[in-house]
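The chain contents come next:
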Amino acid sequence: MVCGGPTEMGYPRFLRIVLPLALLFLFLYLSVTKLHVHLHECLQDGKPCRQIPNDVIEDIRVKPSASLKLDPSDVQLLENVMKNCKQHEFQIGRMVEAFRYCMTEKKDILLEEYLIAWRQLIKFMDALGTVFTFISSETMTKVNILQGYLNGEHGKDYRTVTSMVKYELENEVVNFKELPPNRVPSGCRTLLRLHRALKFLEVFLYNLGMSVGKDKTSQMCADAYHKTLSHHHSWFIRQVAEVAFLALPPIEDMYKVVCVSNHKDAKIVLLTTVDAIVKVYNITQEVYTKHGMLDLP
Ligand SMILES: CCCCCCCC/C=C\CCCCCCCC(=O)N[C@@H](COP(=O)(O)O)[C@H](O)/C=C/CCCCCCCCCCCCC
C-alpha cells in the first residue's frame, strides 16, 4: 500500500505560466465582484439577470449504491485505508465517516459533522498548492459562515439542515430576491453553495473511480465541473476553474492521496466515498426542493 501525501506531488513546469495567468484571472474576478451589487440590481422576474435558473442543469445522477457490493476483502481494504492514512493531513476515511455520520435516522443532516467533512476537503485542496488557494479559501469562507451560525446565539436552530431551514424561513433570514450587501449571508444560501459543490465532487470522484487509470485527472475534473457547478458560476470563475484543472496532479498521485496503489483498490475507496456523498446530497436536495430554495441568490 502506497501512502505518500499530496505534498509529495510534483507539478509540471508549465505552472510557471499557468500561475501568473491564474493570478490575472483572480485579479479580474476581484475587480468584477466589486460590481456585484450593481449586477444584482439588474432583476428579471425578481432574480438577478446573471443567475441561471436551476432547471437548465442536466440532472446528473450516479447510482453507486445499487451496484456497490462490498465483499469482506473490500471491507478489509477500507479499514486498512482508514488506518494507514492517519498520518496524512487529508484523510479520506475521516471525510467518508463524517459524511456518513452527518445523516440522521430521520433523513436529516447534522451540520457540525457535514462541516467536518468539508474541512477535510479543504485540507486536500490546500495540499495541492497555491493554484487552489482561492478555491479552498472560498470554501473555507462558506464553512466559517455556517460554523458561525452554529456557534452563535441561535446555534441549536442550526443543528440540522431542516432545523436551519425552518428557523431561517420563520425569522425571514432568507432572502429570495437578492443577496443583501453588508450582511452575513443566510445559512441556507451558504449551504446551497456547498451543496452544489458536493454534486461536483460526487461526479468527479465517480469519474476517478470509474476511469481505467489512463484518463487525465484534469479532463475528468473539467467534465464533472461542466456538468454541475459551472452552471452556477460566472464567466470569470469558470476561467479560474479551467486554470486550476490544468494544475491537478496525475491519477497515480490522486491514488496516493487516498492511500491506494492500484486502480482496483482506488475504485472501491472512491465509489464508497461517492455512495456516502450521494446520500447526503439527496437528503439536502429534498429539503431545498420542498422549500423552493434551489435558486437562492
Ligand atoms: C481523491 C480525493 C479528491 C478530493 C477532491 C476534492 C475536490 C474539492 C471539492 C470541492 C471543491 C469545490 C469547492 C468550491 C466551492 C464553491 C462554492 C461556490 O460555488 N462559490 C461561488 C458562489 O459563491 P457566491 O458568490 O454565490 O457567494 C463563488 O463565486 C466561487 C468561487 C470560486 C470557486 C471556484 C470553484 C471551482 C471548482 C473547481 C474545483 C476544482 C478543485 C478540484 C480539486 C481536486
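Above this text sits the structure in question.
Below is a summary of the structure that appears in this document. For every chain, the first residue of the written sequence is number 1, and numbering continues from 1 along that sequence. Under the rules for a predicted model, residues below a pLDDT of 70 receive no local features and side-chain atom pairs below 80 are neither given nor counted, while totals for whole chains, interfaces and linings still include all residues. The basis for the side-chain values is all heavy atoms of the structure; hydrogens and waters are excluded.

### Some details on the packing of helix α6 (residues 111-127) against helix α7 (residues 133-151)
Moving on, step 1. Lines fitted to the C-alpha atoms define the axes, with helices restricted to the stretch that makes contact. Angles between their N-to-C directions range from 0 to 180 degrees. Counting from the N terminus, the helices are DSSP H or I runs at least four residues long and the strands are E runs at least two residues long. At a minimum axis distance of 10 Å, the contact between α6 and α7 shows a crossing angle of 160°. With respect to each other, α6 and α7 are oriented roughly antiparallel. For the element pair α6 and α7, the recorded crossing hand is left-handed. Facing Leu111, Glu112, Leu115, Trp118, Arg119, Ile122, Met125 and Asp126 of α6, the residues of α7 in contact are Ile135, Ser136, Thr139, Met140, Val143, Leu146, Gln147 and Leu150.
Moving on, step 2. Split into classes, the residues belonging to the contact of α6 with α7 amount to 10 nonpolar, three polar and three charged. Throughout this description, any angle smaller than 35 degrees is read as roughly parallel, any larger than 145 degrees as roughly antiparallel, any in the 65 to 115 degree range as roughly perpendicular, and the remainder as oblique. By convention the crossing between two helices is left-handed if the near helix lies anticlockwise of the far one by an angle smaller than a right angle, and right-handed if it lies clockwise. Any two residues whose heavy atoms approach within 4.5 Å are treated as being in contact. Any residue outside Ala, Val, Leu, Ile, Met, Phe, Trp, Tyr, Cys, Pro, Asp, Glu, Lys and Arg is labelled polar, Gly included; the first ten of those are nonpolar and the last four are charged.

### Focus on the site of the ligand
Moving on, step 1. The environment of the ligand is made up of 27 residues, and the closest members are Glu138, Lys142, Arg189, Arg193 and His233.
Moving on, step 2. Between N or O atoms, a polar contact is any pair within 3.5 Å; within protein, one atom must be a potential hydrogen donor and the other a potential acceptor, and residues adjacent in sequence are included only when both atoms are from side chains. For the ligand, an oxygen atom lies 2.8 Å from a polar atom in the side chain of His233.
Moving on, step 3. For the ligand, the accessible surface in isolation is 960 Å², of which the surrounding protein chains cover 94%.
Moving on, step 4. Elements supplying a minimum of two residues to the shell around the ligand: α6, α7, α9 (187-210), α10 (217-227) and α11 (235-246).
Moving on, step 5. Of the residues forming the shell around the ligand, the biggest block, seven residues, is contributed by α9.
Moving on, step 6. Here the shell around the ligand is built from residues that sort into 21 nonpolar, two polar and four charged. Proximity is defined per residue: any heavy atom of the residue falling within 4 Å of a molecule or strand makes that residue near it. Each accessible area is a Shrake-Rupley estimate made with a 1.4 Å probe; only the visible protein chains count as cover when residues are assessed.

### Thoughts on the environment of Val81
Moving on, step 1. Structurally, the position occupied by Val81 is in helix α4 (residues 72-84).
Moving on, step 2. For the pair Val81 and Gly93, spaced 12 residues apart in the sequence, the C-alpha separation amounts to 7.0 Å.
Moving on, step 3. Not counting residues within four places of it along the chain, the set of residues in contact with Val81 comprises Ile92, Val258, Cys259, Val260 and Val269.

### A word on helix α5 (residues 92-101)
Moving on, step 1. Per-residue accessibility, obtained with a 1.4 Å probe over protein chains only, is compared with the maximum for each type, and a residue is labelled buried under 20%, exposed over 50%, and partly exposed between these values. Considered for burial, the residues of α5 that qualify are Ile92, Gly93, Met95, Val96, Ala98 and Phe99.
Moving on, step 2. The inward-facing, buried residues of α5 contact α4, α6, α9 and α13 (263-290).

### Considering the packing of aromatic side chains
Moving on, step 1. Between rings of Phe, Tyr and Trp, where Trp is taken as its six-membered ring, a pair exists when centres lie within 6.5 Å; planes separated by under 30 degrees are stacked, by over 60 edge-to-face, and by other angles tilted. Under the counting rule described, the total for this entry stands at eight aromatic pairs.
Moving on, step 2. Ring geometry for Phe99 and Tyr114: centres 6.3 Å apart, planes at 80°, overall edge-to-face. Remark: Tyr114 occurs in helix α6 and Phe99 occurs in helix α5; sequence separation between them is 15 residues.
Moving on, step 3. Judged by its relative accessible area of 0%, Phe99 falls in the buried class.
Moving on, step 4. Both rings, one in Tyr149 and one in Tyr158, keep their centres 4.8 Å apart while their planes meet at 5°; by these two values the pair is stacked.
Moving on, step 5. On the accessibility criterion, Tyr158 (2% relative accessible area) is buried.
Moving on, step 6. What links up through ring pairs into an aromatic cluster is the set Phe200, Phe204, Tyr225 and Phe245.
Moving on, step 7. Between the NZ or CZ atom of Lys199 and the centre of the ring of Tyr281, over which it lies, the distance is 4.4 Å. We call a charge positioned over a ring when the NZ of a Lys or the CZ of an Arg lies within 6 Å of the ring centre and within 35 degrees of the ring normal.

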